[in-house]
Each structure stands twice: as C-alpha cells, then as structure tokens.
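Architecture at a glance
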Amino acid sequence: MAEYSESDKKIILNAYRGLLKATKKIRKTADDTARIRKAFNVAADAHMSMRRKSGEPYITHPIAVARICAEEIGLGVTSIVCALLHDTVEDTEITLDDIESLFGKKERNIIDGLTKISGVFDFSTSDQAENFRKMILTLPDDVRVIFIKLADRLHNMRTLDSMRKDKQLKIASETLFLYAPLAHRLGVNTVKTELENLALKFKEPEEYEDIQGKLKKTNDVRTRFINAFIEPIKKELEKQGLNFTIKGRPKSIFSIWNKIHKKHVAFEEIYDLFAIRIILDTPLEQEKADCWKVYSIVTDFYRPNPDRLRDWITTPRGNGYESLHTTVMSPSGKWVEVQIRTERMDEIAEKGLAAHWKYKESKGGKENGFDNWINKIRDLIENNHANTLEFIDDFKLSLYAEEIYVFTPKGELKMLPAKATALDFAFDIHTDVGKKCIGAKVNHKLVPLSHELKSGDQVEIITSNKQVPKEAWLNFVVTSRAKSKIKQSIKEAYNQVAEEGKEILMRKLKHLKVPLTDKAIYELVKLYDTKNFPELNYLIAKGKIDLSKIKTIVEKGGELNYKKEAPEVVKEEKPESSDPTNDLITNFGGKSGEAIILGDDNLNQVDYTFAKCCSPIPGDDVFGFITIKDGIKIHRNNCPNATQLMAHYAYRVLKVQWKSQKLKEFSAEITFTGIDNIGVLHSITTIITNNLNINMQSLNIGSNDGVFEGKIKALVYDTTHLDQLINSIKQVEGINEVKRTS
Ligand code: MN
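Our focus in this paragraph is the side chain of histidine 325. Position of histidine 325 relative to the elements: it lies in strand 4 (residues 324-329). Using a relative accessible area of 8% as the deciding quantity, one classes histidine 325 as buried. The contact partners of histidine 325, leaving out residues within four places of it in the chain, are Arg308, Leu309, Arg310, Trp312, Glu337, Val338, Gln339 and Arg341.

Below, the structure is given as structure tokens:
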C-alpha cells in the first residue's frame, strides 16, 4: 500500500474493511484471515497503476467481487482469495506460477480458468458465443470459476454507468442472453434477478423507470392486501407454536416487464402479482412434516387450486430448489401463490445449492441434481462437434428447462427436461439403448419413440439390433445429449458410406489412369454438381452417380487432364472459425471505426438498409448489423432480435447515428384504442392531414362492443415528428391509449 495516494488509500482500506466484515462468519481460523489479507496485498500491489473507468483505483473492483462471492453467493475462503486475484494474471505481471507458489494448486486452477475466459471482457471484437463456450469448458474442473465469474459480471453490471452507451448495450444483452440463465441454472436466484433488472435498466431505460415508478405508487395498496391476507395465517401459526417469518414481495421489474411484453397485458393487470413466502425455523428432521402442517393451515383459510400444488421438498428441482408451493384464492377473488419452506431451503433458493453444500469447504452435502446436470454438460462438451452457436443453443435449453421426473421399470428416478420423449429417456439411460430404440412402454402401454413423457411415468425401452438412428429423430428429441448422439451417429454412418463410395471411385480412376489430385477432385465435384467431395462419394456408394461420364471426358482428352484453369484446392466447406463477414468488417472498419452516419448519402459510401423486423425511423436508438448476404442492416436497440444479435455477434455490431435533417420520410405504425364515439375518426384524420401535414398511408379502424382499435400507417421524418402525431391523437376525445407498434 506504500505508493497509493492518501485519498486512494482511504477508499481502498474502507472497501477492504467492508470485505472483512462480510466474511466474518466464513473466516474460521487465523489462517483464513491471513490468506485473504495476503491475496488483498498481492492484488493491491499488482493493480497499483490501474484505474477503473469510473476513476476509482482498480483494486476496488476485485474487492467488490470478493464481497459478492461471500455475501450473495455464500462461497468460502478459497473463492474469496481467488476473487481478489481474479484479474491479476490477465492484467498484471503476476503469473500462474506466482499464484501457485504464493497460494496453492487449487487457487492456480481457479485463476487459470478465470484467465482463460477473460477474453469475455473484450466486448468490441470478440465472438461472445465462442467465449462463452470457453467459459463452459472450464466448468467441469471447478464450478467456483463460474460463480466468481457471475460475481464479476454482477459488479460490472452495477458499475455499467461509466461505460460508453454502445458497450452498455452489448454487455446488458449478453447478461440477459447468457449470464442470467446461467445464474438461474446454478440456483443463485438473487444474482439472477439483479442481473436481469440491471440489464433491463440499460436496454430499456424508459420502460424500466416507468415500471419502477408504478411499483412505488402501488406499494401501499399491495402492503395492505398482503397484511390482510396473512393476518389469520399468522395467528394460527403462532397458536401452534411454530417459529416463522412471512414475506410478501412483488415480482421483479424484469419479470413484470417480461409479462407485459410476452403476454401483452398492462401493468395495471399484473402489478398485484406477488408470492407470499412463509419461512420456518425448524430442525432438519422436522422440515417436511412442518411444511405440510403450514400447508394445512393455509388451506384451512383459503381454497387451493388443485392444479397448482408443487412439492419440491420430496423431489427437489435440478438446481437444488426445495419448497412447497400452492396457489390459493383470496377473499377478493385473486389467486395468490404461497411458498412454504425452511430457513435452510430459503438460503439455497437465494444463493444456490452448489455454494451452500459443496463449496463452503466443509464436508457433507447430499446427492443432488446439480451433480447430475454438471455431468450432462460435461458429456455434452466432450461429444459436441457441432458449431458453437448450436452448442450454445443446446446449452441454453439445459439452463431454463423445467424438469419432469420419470421412473425406470425398477423404480429408479430419472430427471429429464419438460417435453422429453421416450427416445430422450432411452439416450439418458445409455447411448446404445438410444440408438437401438424402436419404441417404449409407458405405464405398460406401448408408445412410439416420439411420445412425450409426463412426471410420474414409468418407462420401459424396447430395442432392436436392426435399428439405426434416423435424421427425423432430431425433430422430436429435446435433450442436448440425445441430439448430439444422434447427429454423431448419422455423421458416422454417412462417412462410412462415403468411404465405400470413394473406394469405388478410386478403382474407376485407376482403371482410366487418372491420378486423384486436388484438381481432379475439383473437376469431379463440379461435373456432378455436388456440395463437396464426401457428398460425391456418398452418392457414388448409393448408386446415384453415372461414373461412365468420367470415361467419356478422359477419352475426349477432356477436363480431368487439367489443361484448363482450375483453382488449387477444392472448395470444401469453410471451417467453423472463419466467418464470411470478417472481410466485410475490415472493409467497414467495424471494429473500432467511426460511426456510420445515417441519412446522408454523400458522407459515407456505405450501403445500408433498414431492418424489417423493427422499422427504425430517424431519432430511434439504433445500431448497425453486418449480415452475410444483405450488407448492413439498421435495427432499433429495442428490436426483438437485438439481444440475440448482440450477444452472438458482438463483433458484427456497428455504431451508427442519425444525421439530423428532414430529407426523407419513414413509415411508422401507430395503434390506438378508445371508446366508440361518432366523430373520432373525423377528428383523427383532420389532425393528421391539416395540422401536422403528415402523409397517411393507411388507416384501419375496427370496433367491437363499443370499443375500437385503430391502426395508422403514416410517413414521418423522425421520432419528434412521430411523437407530435402521437400526442395530438391522444388529445382527441374518446381516445384511450396510443402507441407506436412498428
Ligand atoms: Mn473483473
């Protein structure tokens, strides 16, 4: 700490003291404290010359990450040490060998994992999907890498304000796309919720603030309702001598936003959605009995919905979640979800099972769904030869899938994602069982391979040695394991056939005395118009190629003798890593280049078109995206496709901005609703044509039971012009709501 300035020292020591306080319960011995202090000193020295974008000394970041690991994820001393050191090997002189000699082998491995995936921070140039794959590759070694990574991301999200706007959007998109689902799968619920909320705050600042404001305004109403609802339950629980706390929390801003958009409902219809949580303080052996006792009390007062009872105490979810859920009818006719659990279960629900059991550096822990999941992911990584994006999609499926529980004929419990079929079950048992599967018996009834399983089913697989994996199977299996095994077998079978075809071809060529060179391959692929050489061989083996054509050519002294110009090498399919847009990016200077100016064709020689999915108009927040075939497309930042584009192809995203001028008109669509009222239509058309001088392309109004909905397509110059239009329609009497819909 010698060379930090006095004011920096103050900030740093303050942060460090906060960390010590947060780890008080975790530090069990003097040695624990000494290790944390040592890590702090090493990191503080190493990062001495660095500052964060916010201006703070850099070391405040690792300290904050360590604190999140302790307080919010519940990790142990080793993880806290590694969190403090997480950026040293990447950004400073410190090497992995230094880490090993100063701390130990475990620490080295974790820092190594964190360093390998550190490219994730280079948002402007890197392929996020590939980075993410690398991150997942470290998963089997030590899951703590992922937990620390989540803490790191959370702190970066909390401090995203100091980043540039375009970086904010990219980081927020990735967070929604990958990190929040990952936090969900690892069961770190508080982290997941905060990541989602923060991402929304940067992606949709106005909508975020709107919901936040409305939640605040409706707070009193909610509190009154909750208090009235829990009153009788509370009394009875006390009477029965149970120790408990009751919480009633509204849904998160993100989940409200999600509902509004996915289900097309208004805030007013869902603001009172919340769950009541009853948390018992009860010994382990009493847990289950006591939770059901509470269930019995709750349903004495309120009628439960029989379809909504969930017992995750007897069978915990895959991410370790344990709880008893029921949905009951309140006196005012509103459904209310009640969650019943113990203190222990609540901690797992908030911080995640892995942190709780396996990585607190204490012994113990029971067989859990988490190990099961990790094993499946490991298997997926080892067997996956498909491209990265496919891998990420498969992987993401495994993050959010709800689970079902089914049984083998011997009563063994298997966990599968919802919508899993009999064939998924077969592959889950063993690859060979899957490959040979011809059908199944579910609850003793014969069903086809594609039969969708339900919780509680007992499944017996029927196999035949004559069966081989079929392409069509890919249409109904849902587990990534089954998918990758099927693809792999199909590919193997294809290659085997192609190999046979190649032998036939070689014999033919030998007979004609034509050597099999690259040029010959090129000509043959062209001659038979096949995609590549393996496909040609495959078709030969299948008898679909007329090989006598070759003889004719050779006899005519033709092309196989290569008198003609031919490229050196056959055009095989490009390797996965090379992306056809790379050249484009260089041409457009996409990596670091200046922003493209929209609306001024003289300034930049760049062709762009406006994406149809979101139809941007001047004034919208937009970005450019380099497509493979259609050049640059301009999307709105809030385009439904934006998150995925930015997360998958961050390096193809270009900065763009509007040139402010009224040269061109853009088409925009406005939807409005209101109460039927003679004259409304007239008022609207008058406003549009006379007052605002707007060109209307179309106007449709439909009416139903005294309520109408109208759509206007109009030509406007920019968002200001459009807002003017929206505001003046709002003024019309009888109009209820007006919004832009495209
Ligand atoms: Mn970091």
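Text resumes after the structure shown.
All right, on to the packing of aromatic side chains then. Pairs of aromatic rings are described using the distance from one ring centre to the other and the angle between the two planes. All told, the structure shown has seven aromatic pairs when counted by the stated rule. Aromatic pair tryptophan 292 and tyrosine 295: ring centres 5.3 Å apart, planes at 70°, arrangement edge-to-face. Taken together, the residues tryptophan 292 and tyrosine 295, both in helix 16 (residues 287-301) and three residues apart, mark about one turn of the helix. A residue is classified by how much of its surface remains accessible, and tryptophan 292, at 27% relative accessible area, is partly exposed. Seen from the ring of phenylalanine 103, lysine 38 lies directly overhead, with NZ or CZ sitting 5.2 Å from the centre. One residue, arginine 153, lies across the ring of tyrosine 179, its end atom 4.2 Å from the ring centre.

A few words on the confidence of the model for the protein. Scored by pLDDT, the protein has a mean of 80; 80% of the residues are at 70 or more. Here residues 359-367 is a poorly scored stretch, pLDDT under 50, and it has 18 contacts once near neighbours within four places are set aside; other chains count.

Further remarks concern the pattern of salt bridges. On inspection of all chains with the given rule, the structure shows 28 salt bridges. With a closest N to O distance of 3.8 Å, aspartate 620 and arginine 636 form a salt bridge. Separated by 16 residues along the polypeptide, aspartate 620 in the loop between strand 12 (608-610) and strand 13 (622-626) and arginine 636 in strand 14 (residues 632-636) bring together distant segments of the chain. There is no split in this pair, since aspartate 620 and arginine 636 are both buried. Put simply, Lys247, Arg277, Arg341, Asp346 and Glu350 are held in one network by salt bridges that share partners.

For the manganese ion, the full set of protein donor atoms is His61 (NE2), His86 (NE2), Asp87 (OD) and Asp152 (OD), at a range of 2.2 to 2.5 Å. Donor residues binding the manganese ion come from one chain and are separated in sequence as H-x24-H-D-x64-D. One end of the pair, histidine 61, is in helix 3 (residues 60-71); the other, aspartate 87, is in the loop between helix 4 (77-85) and helix 5 (88-91), with 26 residues separating them in the sequence. Taking relative accessible area as the criterion, histidine 61 reaches 1% and is therefore assigned buried. Accessibility expressed as a relative area gives 3% for aspartate 87, which makes it buried.

Time to look at the sheet that holds strand 9 (residues 445-447). Ordered in space as 9-8-10, the three strands form an open sheet in which the pairing is antiparallel. Strands with a single pairing partner mark the edges of an open sheet, and in this sheet they are strand 9 and strand 10 (459-463). Geometrically, the sheet is characterised by an average inter-axis angle of 30° between neighbouring strands, direction not taken into account. In this sheet, strand 10 lies alongside strand 8 (residues 437-442) in antiparallel orientation, the contact comprising five bridges. Within strand 10, the residue paired with alanine 440 across the bridge is isoleucine 461.

One finds Leu85, Ile148 and Leu195 to be the most contacted residues of the largest nonpolar core, which totals 73 residues. For this core, the leading source of residues is helix 10 (residues 165-185), giving nine residues. Ignoring anything within four residues of it in the chain, the contact list for leucine 85 reads Ala39, Val42, Ala43, Ile99, Phe103 and Ile111. Residues Val622, Leu654, Val732 and Ile735 belong to the second largest nonpolar core, which totals 29 residues.

On to the pairing of strand 7 (residues 413-417), then. Every regular strand shows the same layout, with side chains that alternate between the two sheet faces. Of all five residues in strand 7, four are buried, a share of seventy percent or more. With five bridges joining them, strand 6 (residues 403-407) and strand 7 adopt antiparallel strand pairing. The residue bridging phenylalanine 407 from the neighbouring strand is leucine 413, located in strand 7. Connecting strand 6 to the next strand, strand 7, in antiparallel fashion are five residues, including glycine 411 with a positive phi near 90°.

For the rest of this paragraph, the subject is the pairing of strand 4. Counting buried residues along strand 4, five of its six residues qualify, which places the element largely inside the surrounding structure. As paired elements, strand 3 (residues 310-311) and strand 4 share two bridges and run antiparallel to each other. In the strand pairing of strand 4, aspartate 311 is matched with leucine 324. Where strand 4 and strand 5 (residues 335-342) come together, six bridges link them in antiparallel fashion. Following the sheet pairing, leucine 324 is matched in strand 5 by isoleucine 340. Linking strand 4 to strand 5, which pair antiparallel, is a turn of five residues; within it glycine 333 sits at a positive phi near 85°.

What follows is about the environment of threonine 421. Within the element layout of this structure, threonine 421 appears in the loop between strand 7 and helix 21 (422-429). Between the alpha carbons of threonine 421 and glutamate 452 there is a distance of 4.3 Å; along the sequence they are 31 residues apart.

Turning our eyes to something else, we now look at the packing of helix 1 (residues 6-22) against helix 3. One can describe the packing of helix 1 onto helix 3 by two numbers: an axis separation of 9 Å at closest approach and a directional angle of 15°. If you check the angle between helix 1 and helix 3, you find them roughly parallel. Here helix 1 runs over helix 3; the crossing is left-handed. In this structure, helix 1 contributes Ile11, Ile12, Ala15, Tyr16, Gly18, Leu19 and Ala22 to the contact, and helix 3 contributes Thr60, Ile63, Ala66, Arg67, Ala70 and Glu71. Of the residues in the contact of helix 1 with helix 3, the class split is nine nonpolar, two polar and two charged.

Our focus in this paragraph is the environment of methionine 329. Following the sequence through the fold, methionine 329 ends up in strand 4. Along the primary structure methionine 329 and tyrosine 302 are separated by 27 residues, whereas in three dimensions their C-alpha atoms are 5.8 Å apart.

Take helix 25 (residues 533-541) next. Those residues of helix 25 not exposed but buried are Phe533, Leu536, Asn537 and Ile540. The buried side chains of helix 25 occupy one side of the element, clustering within an arc of 95° when seen end-on. Its buried side turned inward, helix 25 meets helix 23 (480-512) and helix 24 (518-527). Its side-chain oxygen 2.9 Å from the backbone nitrogen of glutamate 535, asparagine 532 forms the N-cap of helix 25.

Despite not being glycine, lysine 513 has its phi angle at roughly 60°, a positive value. With respect to the secondary-structure elements, lysine 513 resides in the loop between helix 23 and helix 24. Phi is positive for serine 615, which is not a glycine, with a value near 35°.

Before going further, it helps to spend a moment on the state of the cysteines. The full count for this structure, using the stated rule, is zero disulfides. The closest cysteine sulfur to the non-disulfide-bonded cysteine 82 is located on cysteine 69, 9.3 Å from its own sulfur. The thiol sulfur of cysteine 614 is not disulfide-bonded, and the nearest other cysteine sulfur, from cysteine 639, lies at 3.8 Å.

With that settled, consider the packing of helix 11 (residues 189-203) against helix 14 (residues 253-262). Close contact between helix 11 and helix 14 brings their axes to 8 Å; oriented N to C, the two are set at 65°. Side by side, helix 11 and helix 14 meet where Glu196, Asn197 and Leu200 of the first sit next to Ile253, Phe254 and Trp257 of the second.

The rules behind the values
- Residues numbered from 1 in each chain as written.
- Predicted model: local features only at pLDDT ≥ 70, side-chain atom pairs only at ≥ 80, totals over all residues.
- Heavy atoms only, no water.
- Helix = DSSP H or I, 4+ residues; strand = E, 2+ residues; numbered from the N terminus.
- Buried < 20%, exposed > 50% of the residue type's maximum accessible area, 1.4 Å probe, protein only.
- Contact = heavy atoms within 4.5 Å.
- Phe/Tyr/Trp six-rings, centres within 6.5 Å; stacked < 30°, edge-to-face > 60°.
- Lys NZ or Arg CZ within 6 Å of the ring centre and 35° of its normal.
- pLDDT = per-residue confidence, 0-100.
- Salt bridge = Lys/Arg side-chain N within 4 Å of Asp/Glu carboxyl O.
- Donors = N, O, S within 2.8 Å, 3.2 Å for Na, K, Ca; no water.
- Pairing = 2+ DSSP bridges.
- Axes fitted to C-alpha atoms, helices over the stretch in contact; angles between N-to-C directions.
- Core = buried A, V, L, I, M, F, W, Y, C linked by side-chain atoms within 4.5 Å.
- Parallel < 35°, antiparallel > 145°, perpendicular 65-115°, else oblique.
- Left-handed = near helix turned anticlockwise from the far one by under 90°.
- Nonpolar A, V, L, I, M, F, W, Y, C, P; charged D, E, K, R; others polar.
- Arc of directions from axis to C-beta.
- Polar contact = N/O pair within 3.5 Å; in protein donor to acceptor, adjacent residues only side chain to side chain.
- Disulfide = S-S within 2.5 Å.

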